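Listed here are the chains, written in short residue letters.
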Amino acid sequence: MKKCIQLFALLFIVTFAGYSCSDPSQIKIVKLGDYTPLDVQAVKLNVSDEPLIFNQCYCTGNGVVLMQLSNAALPCVYLFDYQGNLIAKGCPQGRGPNELVNMDIRFFAETERGFQLFDSTHKICNVEVVADGTMKITDRKELAYKQAANYLTYLGDDKYALLAEQDGAQYHKNELCISSLDPDFETFFFGEYPTADTPDKIFLCLKKGVASIPRKRFAYFYYNFGRFRMYDYNGKMIREVGIDGEWNVTPSSDFSQLKRYFTNQTANDSHIYSMYTGDHRDPDAGTSILQWDWEGNLVGQFVLPGKFNRMSVAKDDSQLVLLNLDSDEVEMYVAKLPNTK
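Criteria and thresholds
- Residues numbered from 1 in each chain as written.
- Predicted model: local features only at pLDDT ≥ 70, side-chain atom pairs only at ≥ 80, totals over all residues.
- Heavy atoms only, no water.
- Helix = DSSP H or I, 4+ residues; strand = E, 2+ residues; numbered from the N terminus.
- Rg over C-alpha atoms; globule rule 2.2 N^0.38 Å.
- Contact = heavy atoms within 4.5 Å.
- Areas by Shrake-Rupley, 256 points an atom, 1.4 Å probe, with all protein chains shown as cover.
- Lys, Arg positive; Asp, Glu negative; His and termini not counted.
- Charge placed at Lys NZ, Arg CZ, Asp CG, Glu CD.
- Buried < 20%, exposed > 50% of the residue type's maximum accessible area, 1.4 Å probe, protein only.
- Polar contact = N/O pair within 3.5 Å; in protein donor to acceptor, adjacent residues only side chain to side chain.
- Pairing = 2+ DSSP bridges.
- Patch = residues over 30% accessible without salt bridge, like charges linked within 9 Å, V, L, I, M, F, W, Y side chains within 5 Å.
- Salt bridge = Lys/Arg side-chain N within 4 Å of Asp/Glu carboxyl O.
- Axes fitted to C-alpha atoms, helices over the stretch in contact; angles between N-to-C directions.
- 1 Å grid on protein atoms, 1.4 Å probe; cavity = no way out; pocket = protein on both sides within 12 Å on 5 of 7 lines; lining within 4 Å.
- Points joined across faces, edges and corners; volume = space filled by probe spheres on them.
- Nonpolar A, V, L, I, M, F, W, Y, C, P; charged D, E, K, R; others polar.

K.L.:
How would you summarise the overall build of the protein chain if you had to cite specific residues and measurements?
P.N.:
Regarding its fold elements, the protein chain presents 2 helices and 28 strands. Computed over the C-alpha atoms, the radius of gyration of the protein chain is 20 Å, within 12% of the 20 Å expected from 2.2 N^0.38 for a compact globule of 341 residues. Dimensions of the protein chain along its principal axes, counting C-alpha atoms only, are 60 × 50 × 50 Å. Excluding contacts between residues fewer than 6 apart, the proportion of contacts in the protein chain whose partners are at least 24 apart in sequence is 49%. Carbon and sulfur atoms make up 48% of the accessible area of the protein chain, which amounts to about 16,100 Å² in all. A gap of 3 Å separates the mean positions of the 34 positive and 43 negative side-chain charges of the protein chain.

K.L.:
Just give me the short version of the environment of D293, but keep the residues and values in it.
P.N.:
With respect to the secondary-structure elements, D293 resides in the loop between β24 (286-292) and β25 (298-305). On the basis of relative accessibility, which here comes to 17%, the residue D293 falls in the buried class. With 103 residues separating them along the chain, D293 and F190 place their C-alpha atoms 23 Å apart. In this view, D293 contacts M230, S270, H271, I272 and V299; residues no more than four positions away in its chain are not counted. Within polar-contact distance, the side chain of D293 engages the backbone nitrogen of E295 at 2.9 Å. A polar contact of 2.9 Å, which involves the side chain of D293, links it to the backbone nitrogen of N297.

K.L.:
Residues and numbers for the pairing of β25, please.
P.N.:
Examined bridge by bridge, strand β2 (residues 36-37) and β25 share 2 bridges and lie parallel to one another. The residue of β25 that forms the bridge with T36 is F302. Examined bridge by bridge, β24 and β25 share 7 bridges and lie antiparallel to one another. Following the sheet pairing, I289 is matched in β25 by F302. Where β24 folds back on β25, the antiparallel hairpin that results is connected by 5 residues, among which G296 adopts a positive phi of roughly 85°.

K.L.:
How would you sum up a negative patch on the surface? Please name residues and give values.
P.N.:
Judged by side-chain charge, D157, D158, D182 and D184 come together as a negatively charged surface patch. In this structure, D182 sits in the loop between β16 (174-180) and β17 (188-192). Relative accessible area serves as the criterion here: at 38%, D182 is assigned to the partly exposed category.

K.L.:
Provide a residue-level description of the sheet that holds strand β5 (residues 64-68), including the pertinent values.
P.N.:
Across the sheet, which stays open at both edges, the 4 strands sit in the order β4-β5-β6-β7 with antiparallel pairing between neighbours. Either end of the sheet is taken by a strand with one partner, and the two such strands are β4 (54-59) and β7 (86-92). Neighbouring strand axes in the sheet, compared pairwise and without regard to direction, differ in orientation by 20° on average. As judged from the 5 bridges shared by strand β6 (residues 75-80) and β7, these two strands associate in the antiparallel manner. Bridge pairing in β7 places P75 opposite P92.

K.L.:
Tell me what's going on with the sheet that holds strand β26 (residues 310-313), and back it up with residues and numbers.
P.N.:
The strands that make up a sheet pair up through hydrogen bonds in the backbone, lying either parallel or antiparallel. The strand order β3-β28-β27-β26 describes an open sheet built from 4 strands, whose pairing is antiparallel. At either margin of the open sheet sits one strand with a lone partner, and together these are β3 (40-44) and β26. With strand direction ignored, the average angle separating the axes of adjacent strands in the sheet is 30°. In terms of strand pairing, β26 meets strand β27 (residues 319-323) through 4 bridges, oriented antiparallel. Opposite S312, over in β27, you have V321 as the bridge partner.

K.L.:
Now, about the side chain of D104: what can you tell me, with residues and values included?
P.N.:
Examined against the element boundaries, D104 turns out to sit in the loop between β7 and β8 (109-110). Residues within four places of D104 in sequence aside, it is in contact with F118 and A149.

K.L.:
Run through the layout of surface pockets, naming residues and quoting values.
P.N.:
Considered as a void within the structure, the largest pocket measures approximately 760 Å³ in volume. In this structure, the largest pocket is lined by 31 residues; those nearest its centre are F108, A109, E110, A211 and A267. Secondary-structure elements contributing two or more residues to the lining of the largest pocket are β4, β8, β12 (150-156), β18 (207-212), β22 (262-267) and β26. The biggest single contributor to the lining of the largest pocket is β18, with 5 residues. Looking at the lining of the largest pocket residue by residue, the class counts come to 16 nonpolar, 10 polar and 5 charged. Residue lining of the second largest pocket: 14 residues in total, with T263, T277, P283, F308 and N309 positioned closest to the centre. Mapped by element, the contributors of at least two residues to the lining of the second largest pocket are β23 (272-276) and β24. At 3 residues, β24 tops the list of elements feeding residues into the lining of the second largest pocket. Of the residues belonging to the lining of the second largest pocket, the class tally is 4 nonpolar, 6 polar and 4 charged.

Structure representation (structure tokens):
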């Protein structure tokens, strides 16, 4: 047993000794300043279903979509207006025509007629709200990319950015790829990992993406690094941005002690908002939000009173909708945003 522990420790030493940092001259370093406090208002959700445990929120032009983890007894998707009134619910767990085997709550994309969800059957599902307050799945299409599909970001025109996974028995040399619902589309790969080529690089480099379809840009924010990268639709990196003093910090060799930096992102065509924990603020005392433009400039810093885990920004940039996953209350929260350019 002792030899196994020694070998395990040696593996970590080798792994993290191989950590590679980007050239500082090629990365835009941003210094954080003072935070502007934002008021948060609780919005009670007018719904009688129990037990509801919402895990994600997404703002749309018609209201707020709230998702809960797969629950055979209840719908997985609820649509509320911004005052908390229930508009529709649907997509329970199952194999029926309007059911999902296992919904990926990390993906959501608004469409002209409704929205898209991603099912564990490797299919993008188009969903529409029906007049009777239910939801109907109108179409299911499979991604051309056949490997595990993680952290999808919708780019428009049936194209999606996502994390590259194993290529056969080997990890792919690139960290991202763009695929499509077109079965003849040739998935292409791009992006270099910010770590050495080690077995744990995919775990260390987990990241969540956001996109602006009109701008034809998307960005992925790293959980375990104080940095993010912005790309065009050809996979060319437009800019890499790092937080001063944090962007090149070597991750802990103890996975349970890994620092978290960008923990949740949301975007519209004006700005990107990221929850940031690299300032080491006590999450129970306040939640830090960084606001970026689509050139990678830091244009705002906000702090919310208390702990929040999920957020989504309104399309008009007027407010953030928030969830506190530790709360037992069936409610969402709203923070009004100041006018920024």
